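Spelled out from the first residue to the last, the chains are:
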Amino acid sequence: MTAADFMPDEADIAGIKSNLAAYEAERASAYRQVRWRVPLFVGLVLVFVALVAWLFNRIADPYEQWFSTPHVLLYVVGLVAAILLYFQAIKPTSTLQHRKTLLPIIFGFIRDMRYQHEVTPNSFDRLPRETIGTFSTKRFDDIVSGRYEGFPFELYEADLRQGTGKSGTIAFKGVVVAFETIVPFPGILVAARRTDKAVGFFRGMFASRMQELSCGVPELDAAYDFRTDNVEAAQPLVSGRLAQALTWLKETWPDDPARVALNGSDGFLLLPQTKDFFELPDISVPLDYAKHVAPMISDIGALLATAALVRKIGATDAAAG
């Protein structure tokens, strides 16, 4: 199982490039309009304000020129008008809805692709809290869902925090991939980064129902804290396919260790990271497939390849396909 198995084929890539070219032509046209609309719209306001102020000065007392009540009111109205006209001037680019338009194009190879923004993902309530700990605030950015290579998934950016301000802590910040497993797990199984904080958390709030396991791979046991409420069902998975998935993930995403969770028929892959996973250049920058799009598709392919491996946990080789 490699990320290449989840990359779009040549036909899909050709379709993506064609749609990007059409978008790029529209973007370039809109940006050219904005370059003359902004100075024209705002400039007209400034000229109008200056002309009216000059007329006020013609009839005002010399000591009240420029700073009299009519002048101040004129400046306030002019400022508000300039702001409103500025947003009207940039409307050709804002109506393109840069990310909302581009992501469906970039991920056009995903069947039944759906894009959402800043809403709670459908799968989030089923994510075991043992994976992320406690949090008081949650924020979700981009959400992409669809079906690829035979299985549905939901991929989203999450920022979960406990507390506010400088005293607040990050429970999780990164990308979550939710998917349906081939064989449901009879309970909850979690593989989270092993830290003193995580150990204390598990031994506290969830110690009564979650037991610790070992996968038998020293490197993984040193990096991960495996917990479950069904040891008998979890042990062969932790020592088998889950260990394989985590080994693959460590090679593909060498930074902060990922987290994996199973909850019945729901599987979750959590990748901590601070950068914007769906990062795109500013709308004024021409979009380049090799520089801006291909790396994002490659990252998605790696995530889906790992999710496909994790979802086979507990399945027989024949069922896993």
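For the structure itself, look to the data block above.
These numbers come from a predicted model, not from an experiment.

Engineer: Would you mind showing me how to read helix 8 (residues 231-239) here?
Structural biologist: Since the α-helix turns once every 3.6 residues, residues separated by three or four places project in the same direction. Ala-234, Leu-237 and Val-238 are the residues of helix 8 that are buried. Buried residues of helix 8, viewed axially, fall in a sector of 100°; they line one side. The exposed set on the far side of helix 8, more than 90 degrees from its buried face, consists of Glu-232 and Pro-236. Check the buried side of helix 8 and you find it contacts strand 4 (169-193), strand 5 (211-213), strand 6 (224-228) and helix 9 (241-252).

Engineer: Just checking my understanding: could you explain the side chain of Asp-225 for this structure?
Structural biologist: With respect to the helices and strands, the residue Asp-225 is situated in strand 6. Among the polar contacts listed, one links the side chain of Asp-225 to the side chain of Arg-227, at a separation of 3.2 Å.

Engineer: Is there a simple way to explain the pattern of salt bridges in this structure?
Structural biologist: Two side chains carrying opposite charge are able to pair once their charged atoms lie near each other. Summed over the entire model, instances satisfying the criterion amount to seven salt bridges. Put simply, Arg-111 and Asp-12 hold a salt bridge, and the shortest N to O gap is 3.9 Å. Residue Arg-111 is located in strand 1 (residues 111-117), and its partner Asp-12 is located in helix 1 (residues 10-59); the two are separated by 99 residues in the primary sequence. Among the residues examined, Asp-12 registers a relative accessible area of 18% and is labelled buried. The salt bridge partner of Arg-27 is Glu-24, with a shortest N-O separation of 2.6 Å. Placement of both Arg-27 and Glu-24 in helix 1 is noted, with a separation of three residues, approximately one turn of the helix. Salt bridges here are not isolated pairs; linked through shared partners, they connect Asp-159, Arg-161 and Lys-173.

Conventions used here
- Residues numbered from 1 in each chain as written.
- Predicted model: local features only at pLDDT ≥ 70, side-chain atom pairs only at ≥ 80, totals over all residues.
- Heavy atoms only, no water.
- Buried < 20%, exposed > 50% of the residue type's maximum accessible area, 1.4 Å probe, protein only.
- Helix = DSSP H or I, 4+ residues; strand = E, 2+ residues; numbered from the N terminus.
- Arc of directions from axis to C-beta.
- Contact = heavy atoms within 4.5 Å.
- Polar contact = N/O pair within 3.5 Å; in protein donor to acceptor, adjacent residues only side chain to side chain.
- Salt bridge = Lys/Arg side-chain N within 4 Å of Asp/Glu carboxyl O.

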